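Residue-level structural notes
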There are 4 protein chains.
Amino acid sequence: MKTARQWSIAGLGPQDLRIREAEIAAPGVGEMVVRTEAVSLNFRDKLVMENGMGLPLAFPFVPVSDMAGVVEAVGTGVTRFKPGDRVISTFMPGRLDGNGLGNARNPPYRTLGGAHPGVLSEYVTFPADWFVAAPKTLDAGEASTLPCAGLTAWMALIESGHLKAGDKVLVQGTGGVALFAVQIARAHGAEIFVTSSSAEKLERVRGLGVKHLLARDGWVDGLLDLTDGYGADHVLDIAGGSGFAQSLKAVAVGGRISLIGVFGGLEISGSAPDLLLKAPIVQGISVGHRRALEDFVLAVDVVGLKPVIDRRYRFEEAAEAFAHLDRGPFGKIVIEF
Amino acid sequence: MKTARQWSIAGLGPQDLRIREAEIAAPGVGEMVVRTEAVSLNFRDKLVMENGMGLPLAFPFVPVSDMAGVVEAVGTGVTRFKPGDRVISTFMPGRLDGNGLGNARNPPYRTLGGAHPGVLSEYVTFPADWFVAAPKTLDAGEASTLPCAGLTAWMALIESGHLKAGDKVLVQGTGGVALFAVQIARAHGAEIFVTSSSAEKLERVRGLGVKHLLARDGWVDGLLDLTDGYGADHVLDIAGGSGFAQSLKAVAVGGRISLIGVFGGLEISGSAPDLLLKAPIVQGISVGHRRALEDFVLAVDVVGLKPVIDRRYRFEEAAEAFAHLDRGPFGKIVIEF
Amino acid sequence: MKTARQWSIAGLGPQDLRIREAEIAAPGVGEMVVRTEAVSLNFRDKLVMENGMGLPLAFPFVPVSDMAGVVEAVGTGVTRFKPGDRVISTFMPGRLDGNGLGNARNPPYRTLGGAHPGVLSEYVTFPADWFVAAPKTLDAGEASTLPCAGLTAWMALIESGHLKAGDKVLVQGTGGVALFAVQIARAHGAEIFVTSSSAEKLERVRGLGVKHLLARDGWVDGLLDLTDGYGADHVLDIAGGSGFAQSLKAVAVGGRISLIGVFGGLEISGSAPDLLLKAPIVQGISVGHRRALEDFVLAVDVVGLKPVIDRRYRFEEAAEAFAHLDRGPFGKIVIEF
Amino acid sequence: MKTARQWSIAGLGPQDLRIREAEIAAPGVGEMVVRTEAVSLNFRDKLVMENGMGLPLAFPFVPVSDMAGVVEAVGTGVTRFKPGDRVISTFMPGRLDGNGLGNARNPPYRTLGGAHPGVLSEYVTFPADWFVAAPKTLDAGEASTLPCAGLTAWMALIESGHLKAGDKVLVQGTGGVALFAVQIARAHGAEIFVTSSSAEKLERVRGLGVKHLLARDGWVDGLLDLTDGYGADHVLDIAGGSGFAQSLKAVAVGGRISLIGVFGGLEISGSAPDLLLKAPIVQGISVGHRRALEDFVLAVDVVGLKPVIDRRYRFEEAAEAFAHLDRGPFGKIVIEF
């Protein structure tokens, strides 16, 4: 019986987050044990610890959904991996391809670090189907940023959006999903527009090769001016809420708005005539499926995409890492084991 | 110089609508004269007359966008038609295929009976490109219902929605677009659910072969009960407004909501989590392009689709026909010349 | 330990096909035992028995890939089914969605009744993932025809082909896939053209509601005459071989040819200019994935599609059933247990 | 009445090609006069002069389909351009979007420098609809290479192929279409494999950033070795003929073969099992439509794509330019006026 150190909470509320020792289950049929090398944080990890997000958490609850690691042992029937393989987790286990799980009455939100246990643990024992091979060109810290933030941007722009060179892409902000969107759009030859309320962050975005930088106030007019009224073929609406109305103003005729987050509020609203006259597609992006993550991993290796990591913390510094999240990082926060 | 009788208004406001005599232009290069046999009414025709909808109307203004007629004469350079051909108009002249016209700053709303002159006239002289061949199996009254109401339903379900047999389609109401959606969905083997506040209209829908009839109050729960929580693959949201929130509840995981009208209000609003967790596509439907109308005409002939006409009026009865519109017809209102 | 009667061969060659008794394995993790109620035959079942088709058969080898039955017992971890559920098999186990298995060097041909054991057995023990729920509206004999022949036609026309009402569909012959194609095309409002060398079979096709019947000799000219030169939006090329050249002549500009069989030879050939000037899509159809089979099952129930069965045999009459296959059945041959 | 010098032939056969003076028509309704600045050559230009390719040529016949120039004068009704605008021609006038023109009986081959007059002329008078705006970032010689060779590669990989980063693209040869394919694939983050019989040309391809260079003999095995058996997601089959059989071996499961040329013969042939088991899409590419050319022009400007020009000739050197074509240029041959 193996034991592992893991960060966990015994009840809702982040104040209780601390390192506890836990037993690691031996791998059953189809399962494997993975030694965690790095995890990356998403803002939702904090929400889950704080209020549970309505999920049926099992305590002690280990938070965090995204990891990279090395296969330690495999159970019977596992053919996709062998000990020593480098892997990353999938955000929504069991969503292999196509639509999400669940139905209209009970839409799916069964993620790692949520309805399933999290990965802020030295070892995890999960079904082998919950993992994909890690990119060859990334270290563990970088690789750990792909399952949620990276895949979300890939699903929005590529798997659903079929982005092509010359398309105009508007990205809101400079968080993890936003900077992945910038890098993915750049790798496909798009013309990119980024908004931020921070002039300093916009300067850092310039370093990623983005020419069109827009202050958050008045960004729609800024975009329309720069494009001679055309608008954006793809709008990544990271905030949602009433800001969705601006996305509807900004989207090109026949364009696409990917709605990604809920920081702007749990209710979206906007102008029906904009939606009718321009006939854009509006699509909520619920991260994505395993097949798209495999596609994205391939792309990362081929184009040499290096995820933007604001700062790397050590395992013992998890609390500091979460505190950094609150300050709005430029890209991703990573914890290395 | 030919003259024609036409219904027109000399200034905004429907009270002024009356028959006036007008000169009909000879066809220029690429143009043709069409003798109108029938027109069909859309609710927007009333809005245009009442408040102009912000459009640059030229007075005397002839209302109504949809017509069927016979080619009377063609100008030089016209090769698609010859005198005697039976034709129908297109709602948005010049939109041949693909995305709509205009751009994000000035989205397109250049329709017949709006920015362009209307068709409630014995003759019209328009570019030949603005017409398509009428279906062989429909009379003029029936054919006149296709350009706006019919094509809207076709774009939502087929051209954009790729509906297939076995899909679940939820249609709101029993107006012109709604009943076309029912007939198109039936022709593709879909399972259809129709909502209405009128039990009598629901009974008439049953006569169109629809099994699942839902009272408007509580229709979302009714749908979810009937489908064991699955929801609808395609939701035709005819009203928009705050009712959009219900469409978001009703749509299946990975489904599609087509937003079609603005009767429910000029602002749509709904739950962001529904949009994120189920990742449906939401698309405003701005009628459609000429190529899709040609596809639809073919389909009408092959499947023997007969548009549902609530009542046919004579040319002189235009005022009564418009009054009928206010009472909420079952299907379409037609004026025959 | 349960035993079952099953038809099997101890070595290549159909002359050895006879009923043998065999032990039925208890269901392991994720597996289930299904009591077979009916199987349907495909021509490839004969080829496998005769020459093995290059597959690594395990002897005694039980032939046949398609079955319908009732779940008898489930192993641990099975959640999709429970005892008593009516199920049908999938032709290529493990292909859940998206592309086929394998790679360019070793393309996949791992089917039931081939690389995997077959189903001409009173009981089978397979992973639960290899089954889908049977249609509610079909008896076992009818349901058993869906996994290979039915799904092939569905993949060609719907999953890959996005058939819509008004499309012109050309179907070669009156075998199992062909008649499914006719019924699926009809359920979607298509205009259908069927070819056959048998006037009597064409008459039977008329009974399925098909108007355009074409003698096999000269069918391309027949089609082009009937369509005023347009051709067919979808060509189901059941034979392949040099007949592919005719499919290239027949396909409409921008149309689609689904290549389904190899009766016409293992080499296809045709005119490059036809392929270049008309730019059709040509796609080999390798049956399909489980998700599409689930879609098809839904469609069957909603539209009331009844598979065409030429004749039903009893379990003991398997040899006679195979002999019937050689004579070119009209639709499917079924064996009921 | 304006006159212009133009290269033309008075009858079939390239030996007659010489500079003649011709009158240039004033622009009619919807037409415009364009002053040619550069043209680029395609191999088909030679075939048309040599044997007419079965086309109804009007003599004296001016060859060549692709040009860049400046609008000199516009007729009534022209709104898309004004004098001074820089434009490029479209290869198949009148194909604005969607499928090609014509039908199955008479597939379309109505190109400039073919059924329509060519552009090896100091001035041309054509409908304004036959042009699109030139890229801002290319000179006239570069811009003239887009309408046929560039658009063909774009249609194959992007408009039809939805190429994404990480995809494996196999390009045959180093001619005009091939090198455009390389540059377009690179701009979208693909992994690229190029074949050639010339080691020297492969070295020049390396300079375009391509890592995987394959000798033409045995290229399929080379590709499969490099990809661990996976094959190529996109195969650009430039030659066709019996080489198509190799493309079928090389394509990945679920991949795509774009058939582009007929140098390998007017008959394609290949293995039906490859087509069935891997279920790739095979599509002939007939250049493309105007909307896709506009998309491509945008992409060229955004990604800074510079067409590869082997050599630029002066107007008077047209014969030398054509002679160069026979020797197999690396990229495009351009004639500047």
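Keep in mind it's a predicted model, so treat the numbers as computed, not measured. (Residues numbered from 1 in each chain as written. Chains lettered and ligands numbered in written order. Predicted model: local features only at pLDDT ≥ 70, side-chain atom pairs only at ≥ 80, totals over all residues. Heavy atoms only, no water.)

**So, the overall build of chain A**
Basically, it comes down to this: Only runs of H or I of at least four residues qualify as helices and only runs of E of at least two qualify as strands under DSSP, and these elements are numbered from the N terminus. The reference for a compact globule is 2.2 Å times residues^0.38; the radius of gyration itself is calculated from the C-alpha atoms. Partly exposed describes any residue whose relative accessible area lies between the buried limit of under 20% and the exposed limit of over 50%, with all areas from a 1.4 Å probe on protein chains only and scaled to the type maximum. Should any heavy atoms of two residues lie within 4.5 Å, those residues are counted as being in contact. Note that accessible areas follow from Shrake-Rupley with a 1.4 Å probe, and for residues the cover is restricted to the protein chains shown. Positive: Lys, Arg. Negative: Asp, Glu. His and the chain ends are not part of the count. To locate a charge, take atom NZ for lysine, CZ for arginine, CG for aspartate or CD for glutamate.
Counting its secondary structure elements, chain A contains 10 helices and 16 strands. Taken over the C-alpha trace, chain A has a radius of gyration of 20 Å; the compact-globule value for 337 residues is 20 Å, and the two agree within 12%. A total of 337 residues make up chain A; the buried ones form 64% of that total. Relative to all contacts within chain A whose residues are 6 or more apart in sequence, the contacts with residues 24 or more apart total 68%. Only carbon and sulfur atoms are counted for the fraction: they give 51% of the accessible area of chain A, which is about 11,700 Å². One finds the centroid of the 33 positive side-chain charges in chain A at a distance of 1 Å from the centroid of its 37 negative side-chain charges.

**Points about the sheet that holds strand 10 (residues 212-215) of chain D**
Quick reminder of the rule: Only strands that DSSP links by at least two bridges are regarded as paired with each other. Here the axes come from fitting lines to C-alpha atoms, over the contacting stretch only for helices, and the angles between their N-to-C directions go from 0 to 180 degrees.
Strand order in this open sheet of 12 strands is 10(C)-9(C)-8(C)-11(C)-12(C)-14(C)-14(D)-12(D)-11(D)-8(D)-9(D)-10(D), and the pairing throughout is mixed. Single-partner strands in this sheet number two, and they are strand 10 (212-215) of chain C together with strand 10 of chain D. Each neighbouring strand pair of the sheet contributes to a mean axis angle of 20 degrees, computed without reference to strand direction. Taken strand by strand, helix 4 (residues 176-187) of chain D contacts strand 8 (168-172), strand 9 (191-196) and strand 11 (232-237) of chain D, and its axis lies near 165 degrees from that of strand 8 of chain D.

**A look at the interface of chain A and chain B**
Quick reminder of the rule: The buried area of a pairing is the accessible area, by a 1.4 Å probe, that goes missing from both parts when the two are put together, added over both. A carboxyl oxygen of Asp or Glu within 4 Å of a side-chain nitrogen of Lys or Arg is what we treat as a salt bridge. Polar contact is the term for a pair of N or O atoms within 3.5 Å; when the atoms are in protein, one must be able to donate a hydrogen and the other to accept it, and sequence-neighboring residues count only if both atoms are side-chain atoms.
Across the boundary between the two partners, chain A contributes 49 residues, which contact 49 residues of chain B. Carbon and sulfur atoms supply 62% of the area that chain A and chain B bury against each other, a total of about 3,700 Å² over both sides. Contact with chain B buries area across many residues of chain A, yet Arg105, Leu276 and Leu277 of chain A alone supply 18% of it, more than any other trio. Where chain A touches chain B, the interface holds two salt bridges. With a closest N to O distance of 2.7 Å, Arg105 of chain A and Asp225 of chain B form a salt bridge. At the boundary of chain A with chain B, the tally comes to 17 residue pairs in polar contact (both at pLDDT 80 or more).

**Focus on the environment of Ala68 of chain C**
Residue and element names in this part refer to chain C. For Ala68, the location among the structural elements is in strand 4 (residues 66-74). Given a relative accessible area of 2%, Ala68 falls into the buried group. Dropping the residues within four chain positions of it, Ala68 is found in contact with Arg35, Thr36, Glu37, Ala38, Val87, Ile88, Ala140, Ala143 and Ser144.

**Concerning the relation of the copies chain A and chain B**
We count it as follows: Only residues with pLDDT of at least 70 in both copies count here: their C-alpha atoms drive the least-squares fit that superposes the copies.
Note on the copies: chain A fits chain B at an RMSD of 0.0 Å, the axial shift is 0.0 Å, and the rotation between them is 180 degrees. With respect to symmetry, the two chain copies, as superposed, fit the operation of a two-fold axis. Closest approach to the rotation axis among the C-alpha atoms of chain A is made by Ser269 of chain A, whose C-alpha sits 2.0 Å away. The share of interface residues of chain A whose copies in chain B are also at the interface is 100%, consistent with both copies meeting through the same surface.

**Some words on the interface of chain C and chain B**
Our working definition: Three classes are used, and their members are as follows: Ala, Val, Leu, Ile, Met, Phe, Trp, Tyr, Cys and Pro are nonpolar, Asp, Glu, Lys and Arg are charged, and the others, Gly among them, are polar.
Counting residues at the interface gives 17 residues for chain C, matched by 17 residues for chain B. Across the interface of chain C and chain B, roughly 1,300 Å² is buried in total on both sides, 69% from carbon and sulfur atoms. The three residues of chain C that bury the most area against chain B are Lys164, Ala165 and Val302 of chain C, which together make up 34% of that side's buried surface. At the junction of chain C and chain B, the tally comes to zero salt bridges. Residues belonging to the side of chain C that touches chain B are distributed by class as follows: nine nonpolar, four polar and four charged.

**Description of the domain arrangement of chain A**
All names here are of chain A. Formally: Where each domain begins and ends is defined by an automated method or by a domain database.
If you check the domain split of chain A, you get domain 1 (2-149 + 288-336) and domain 2 (161-284). Between domain 1 and domain 2, the residue contacts involve 16 residues of the former and 14 residues of the latter. In total, about 1,200 Å² of surface goes out of reach between domain 1 and domain 2, with carbon and sulfur atoms giving 76% of it. The largest share of the area that domain 1 buries against domain 2 comes from Ala149, Leu305 and Phe330, three residues that together contribute 46% of it. Where domain 1 touches domain 2, the interface holds zero salt bridges. Counting across the interface, domain 1 meets domain 2 through three residue pairs in polar contact (both at pLDDT 80 or more). Residue assignment for the side of domain 1 that touches domain 2 shows that the elements contributing at least two residues are helix 3 (146-159) and helix 9 (290-303). Grouping the constituent residues of the side of domain 1 that touches domain 2 by class yields 10 nonpolar, three polar and three charged.

**Examining the side chain of Ser89 of chain B**
Residues and elements named next belong to chain B. Take Ser89: it is sitting in strand 5 (residues 86-89). For Ser89, a relative accessible area of 0% gives the class buried. Side-chain polar atoms of Ser89 contact the backbone oxygen of Ser65, separated by 3.3 Å. Among the polar contacts listed, one links the side chain of Ser89 to the backbone nitrogen of Met67, at a separation of 3.1 Å.

**Quick word on the relation of the copies chain C and chain B**
It takes a turn of 180 degrees to lay chain C on chain B, together with a shift of 0.0 Å along the axis; the resulting RMSD is 0.0 Å. Interface residue correspondence from chain C to chain B reaches 100%, placing this contact among same-surface, isologous pairings.

**Considerations on the pattern of salt bridges**
In this structure the tally under the stated criterion is 104 salt bridges over all chains. In this structure, Glu316 of chain A engages Arg5 of chain A in a salt bridge whose closest nitrogen and oxygen atoms are separated by 3.2 Å. Here Glu316 of chain A, found in the loop between strand 15 (309-314) and helix 10 (318-326), pairs with Arg5 of chain A, found in strand 1 (residues 2-8); they are 311 residues apart in sequence, far enough to count as distant. Among the residues examined, Glu316 of chain A registers a relative accessible area of 38% and is labelled partly exposed. For Asp97 of chain C, the salt bridge goes to Arg291 of chain C, with nearest N and O atoms at 3.2 Å. Residue Asp97 of chain C is found in the loop between strand 5 (86-89) and strand 6 (123-127), and its partner Arg291 of chain C is found in helix 9 (residues 290-303); the two are separated by 194 residues along the sequence. Taking the relative accessible area as the measure of exposure, Arg291 of chain C reaches 28% and is therefore partly exposed. Salt bridges here are not isolated pairs; linked through shared partners, they connect Arg5, Glu122, Arg314, Glu316 and Glu317 of chain A.

**A word on the packing of aromatic side chains**
Using the following cut-off: When two rings of Phe, Tyr or Trp (its six-membered ring) have centres within 6.5 Å they constitute a pair, described as stacked for plane angles under 30 degrees, edge-to-face for angles over 60, and tilted for the intermediate range. In our convention, an over-ring charge means Lys NZ or Arg CZ found within 6 Å of a ring centre and within 35 degrees of that ring's normal.
In the structure shown here, the tally under the stated rule is 24 aromatic pairs over all chains. Aromatic pair Phe315 of chain D and Phe337 of chain D: ring centres 4.8 Å apart, planes at 50 degrees, arrangement tilted. Taken together, the residues span a long stretch of sequence, with Phe315 of chain D in the loop between strand 15 (309-314) and helix 10 (318-326) and Phe337 of chain D in the segment after strand 16 (332-336) at a distance of 22 residues. Classification of Phe315 of chain D as buried rests on a relative accessible area of 3%. When the ring centre of Tyr123 of chain B is taken as origin, the NZ or CZ atom of Lys2 of chain B, which lies over that ring, is 4.6 Å away. The ring centre of Tyr230 of chain B lies 4.9 Å from the NZ or CZ of Lys168 of chain B, which sits over that ring.

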